[in-house]
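The chain contents come next:
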Amino acid sequence: MNRVLPYPLLAASLLIMWMLLNAFTLGHFVLGAAISMIATHAMTSLQPSKPRLRRWQLLPRLAAIVMLDILRSNLAVATIVLQGRRRERVSGFVAIPLELRDRTALALLACIVTSTPGTAWVEYDTDTEILLIHVLDLIDEDGWIELIKNRYESLLLEIFE
Amino acid sequence: MTHIESLPAWAALLTALFVLIGASLTLLGAIGTLRFHRFFERVHAPTLGTSWGTGAIVISSMIFFTVLQSRPVFHEILIGAFITVTTPVTLMLLARAALYRDRAEGREDVPPHPAALRRKASSGGED
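Calculation rules
Residues numbered from 1 in each chain as written. Chains lettered and ligands numbered in written order. Predicted model: local features only at pLDDT ≥ 70, side-chain atom pairs only at ≥ 80, totals over all residues. Helix = DSSP H or I, 4+ residues; strand = E, 2+ residues; numbered from the N terminus. Rg over C-alpha atoms; globule rule 2.2 N^0.38 Å. Buried ≥ 20, exposed ≤ 12 C-beta atoms within 10 Å, placed from the backbone. Contact = placed C-beta atoms within 7 Å. Core = buried A, V, L, I, M, F, W, Y, C linked by C-beta atoms within 7 Å. Expected span 1.5 Å × (residues − 1). Arc of directions from axis to C-beta. Pairing = 2+ DSSP bridges. Axes fitted to C-alpha atoms, helices over the stretch in contact; angles between N-to-C directions. Parallel < 35°, antiparallel > 145°, perpendicular 65-115°, else oblique. Left-handed = near helix turned anticlockwise from the far one by under 90°. Nonpolar A, V, L, I, M, F, W, Y, C, P; charged D, E, K, R; others polar.

**Notes on the overall build of chain A**
Here's step 1: A tally of helices and strands in chain A yields 5 helices and 3 strands.
Here's step 2: The N-to-C order of helical and strand elements in chain A reads α-α-α-β-α-β-β-α.
Here's step 3: Computed over C-alpha atoms, the radius of gyration of chain A comes to 20 Å, more than 25% over the 15 Å expected from 2.2 N^0.38 for 161 residues, which places it beyond the range of a compact globule.
Here's step 4: Projected onto its principal axes, the C-alpha positions of chain A cover 60 × 35 × 25 Å.
Here's step 5: When each of the 161 residues of chain A is scored for burial, the buried share is 27%.
Here's step 6: Put simply, of all contacts in chain A between residues at least 6 apart along the chain, 71% involve residues at least 24 apart.

Structural data, given as C-alpha cells:
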C-alpha cells in the first residue's frame, strides 16, 4: 500500500479534482487515477509530513460549525463597516496558548481563523506555542481564547491527535 | 450560448440573490479596507470577499449551471477551496511583516515577541 500509494489522501483529492473539472465518467476516473498516482509519486521527493486523521468522521461537524461562524462574522464585520465611526470599537491582539502541535491541524486552524472575517492569524511561535491573533471587534479577550480553544482546537485535537 | 430565458424563475431569483449577496459583501470589504485606519484593522476587511463573498457567487454559479445544463455542476467548489487555502499564506506574510516593522520601531500598540517575554520573565523582569 505504501509503495503504490504513498499519499492516499492527496491521491484521492487529486482524483476528485480531476473528475470535478472534467466529468464523472469511467474514462476520466481511470485517467485521473493514473495522473494522481504519478503526481503523488512526484510528491514523495518533497517528503511532506503525512497527516494522520484519527477521527475523520468529525470533519463534517467541524466544517458545518466553521461555515456558520464565517457567515455570522461576515455579517458582523459588514455591520461594522456600515456603521463607520458612529460606534466606539476597540481592536487588539489576543495571545492564545495552543495545545495543538500537528502541522496539518495548525494549517487548518490558520485557514479557519483567516477565513473568519474579524479575526486574523498574526503569528505562531513554535517554541512557546503561543498563537497571536488580531481581533477587529475586541470586547472580551478571554471570550476569544475560550472560543478558539473550545470551539475549534478541541475538535481539531480530537480529529488529528 | 446563453439560454437565460429557459431558466425557471425560481432558479433565476436564487442566482440573482446569491450574486447580490456575494457582490455586496465583497464591496463592503473593499469599503472597509478604505475606511479602517490601521494596518491590522484593514487586514480584516478583504476577508469578507474571500469568504462568503466568494462563497455566495460560487453558490449562485452552481445553481445557474446546474439548472441550465440539467446536470450537477460542482467544479466551482474548487475555486472556493483554493481561495480558502491560499488566503492565509498572503495574510500571514503581510501580517508578520507589519508586526516585524512595528516591533522594530518599538511601537507600544503591538505585543512583543513571546520569546522576548519569556526571556524577560526569566531574567527577573529587569530590562
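Having seen the structure, we can now continue with the description.
**Re the nonpolar core**
Generally speaking, a soluble globular protein has its nonpolar side chains buried in company with each other.
Here's step 1: Membership of the largest hydrophobic core comes to 45 residues, with the highest contact counts inside it found for Leu109(A), Ala120(A), Trp121(A), Val122(A), Ile133(A) and Leu156(A).
Here's step 2: At the level of secondary structure, the elements contributing two or more residues to this core comprise helix H3 (59–83), helix H4 (103–115), strand S2 (119–125), strand S3 (130–135) and helix H5 (141–160) of chain A together with helix H1 (9–35), helix H3 (47–69) and helix H4 (76–104) of chain B.
Here's step 3: Ranked by residues supplied to this core, first place goes to H3(B) with 8 residues.
Here's step 4: Every residue in contact with Trp121(A), bar those within four places of it in the chain, is listed here: Ala110(A), Val113(A), Thr114(A), Ile133(A), Pro88(B), Leu91(B) and Met92(B).

**Concerning the environment of Thr47(B)**
Here's step 1: Locating Thr47(B) in the fold gives a position in helix H3.
Here's step 2: The spatial distance from the C-alpha of Thr47(B) to the C-alpha of Ala81(B) is 14 Å, given a sequence separation of 34 residues.
Here's step 3: When residues no more than four places from it in sequence are discounted, the contact partners of Thr47(B) are Thr114(A), Ser115(A) and Pro117(A).

**Regarding H3(B)**
Here's step 1: In a regular helix each residue adds 1.5 Å, so 23 residues correspond to 33 Å; H3(B) covers 32 Å between its end C-alpha atoms and thus fits that length.
Here's step 2: Ser70(B) occupies a position one or two residues after H3(B) and carries a positive phi of about 40 degrees.

**Thoughts on helix H2 (residues 26–43) of chain A**
All names here are of chain A.
Here's step 1: For H2, with 18 residues, the first-to-last C-alpha span of 25 Å sits near the 26 Å given by 1.5 Å per residue.
Here's step 2: All of the buried residues in H2 are Gly-32, Ser-36 and Thr-40. Mapping the buried residues of H2 onto a view down its axis gives an arc of 65 degrees, with all of them on the same face. Turned more than 90 degrees off the buried face of H2, the exposed positions are Gly-27, Val-30, Ala-34, Ile-38 and Ala-42.
Here's step 3: Residues of H2 that are buried in the fold lie against helix H1 (8–21).

**Considering the sheet that holds S3(A)**
By way of backbone hydrogen bonds, the strands of a sheet pair with one another, either parallel or antiparallel.
Residue and element names in this part refer to chain A.
Here's step 1: Taken in spatial order, the 3 strands of this open sheet run S1-S3-S2, and their pairing is antiparallel. Lying at the two open borders of the sheet, with one neighbouring strand each, are strand S1 (92–97) and S2. Across the sheet, the axes of successive neighbouring strands diverge by a mean angle of 25 degrees, strand direction being ignored.
Here's step 2: Inspection of the sheet shows S1 paired to S3 by 6 bridges, in the antiparallel sense. Across the sheet, residue Gly-92 finds its bridge partner in S3, namely Val-135.
Here's step 3: Of the strands in this sheet, S1 and S3 touch H5, which is tilted by about 45 degrees from S1.

**So, the packing of H3(A) against H3(B)**
Here's step 1: At a minimum axis separation of 10 Å, H3(A) and H3(B) run at an interaxial angle of 130 degrees. Overall, the two elements H3(A) and H3(B) adopt an arrangement that is oblique. Between H3(A) and H3(B) lies a crossing of left-handed hand. Packed against H3(A), whose contacting residues are Ile70(A), Leu71(A), Asn74(A), Val77(A) and Ala78(A), the element H3(B) presents Leu48(B), Ser51(B) and Trp52(B) at the interface.
Here's step 2: In terms of residue class, the contact of H3(A) with H3(B) is made up of 6 nonpolar, 2 polar and no charged.

**Notes on the interface of chain B and chain A**
Here's step 1: Contacts between the two partners involve 32 residues from chain B, matched on the other side by 31 residues from chain A.
Here's step 2: Counting residues per element, the ones that place at least two in the side of chain B that touches chain A are H1, helix H2 (39–42), H3, H4 and helix H5 (114–122) of chain B.
Here's step 3: No other element matches the 11 residues that H4(B) contributes to the side of chain B that touches chain A.
Here's step 4: Among the residues making up the side of chain B that touches chain A, the classes are represented as 20 nonpolar, 8 polar and 4 charged.

**Things to note about unusual backbone geometry**
Here's step 1: The backbone phi angle of Glu129(A) is positive, close to 55 degrees, even though this residue is not glycine.
Here's step 2: Considering the arrangement of structural elements, one finds Glu129(A) in the loop between S2 and S3.

**Comments concerning the environment of Leu15(A)**
Residues and elements named next belong to chain A.
Here's step 1: With respect to the helices and strands, the residue Leu-15 is situated in helix H1.
Here's step 2: Expressed as a C-alpha distance, the spacing of Leu-15 and Arg-89, which sit 74 residues apart in the sequence, is 47 Å.
Here's step 3: Contact partners of Leu-15, with chain neighbours within four places excluded, come to Gly-32, Ala-33 and Ser-36.

Geometric values such as these leave the question of function open.
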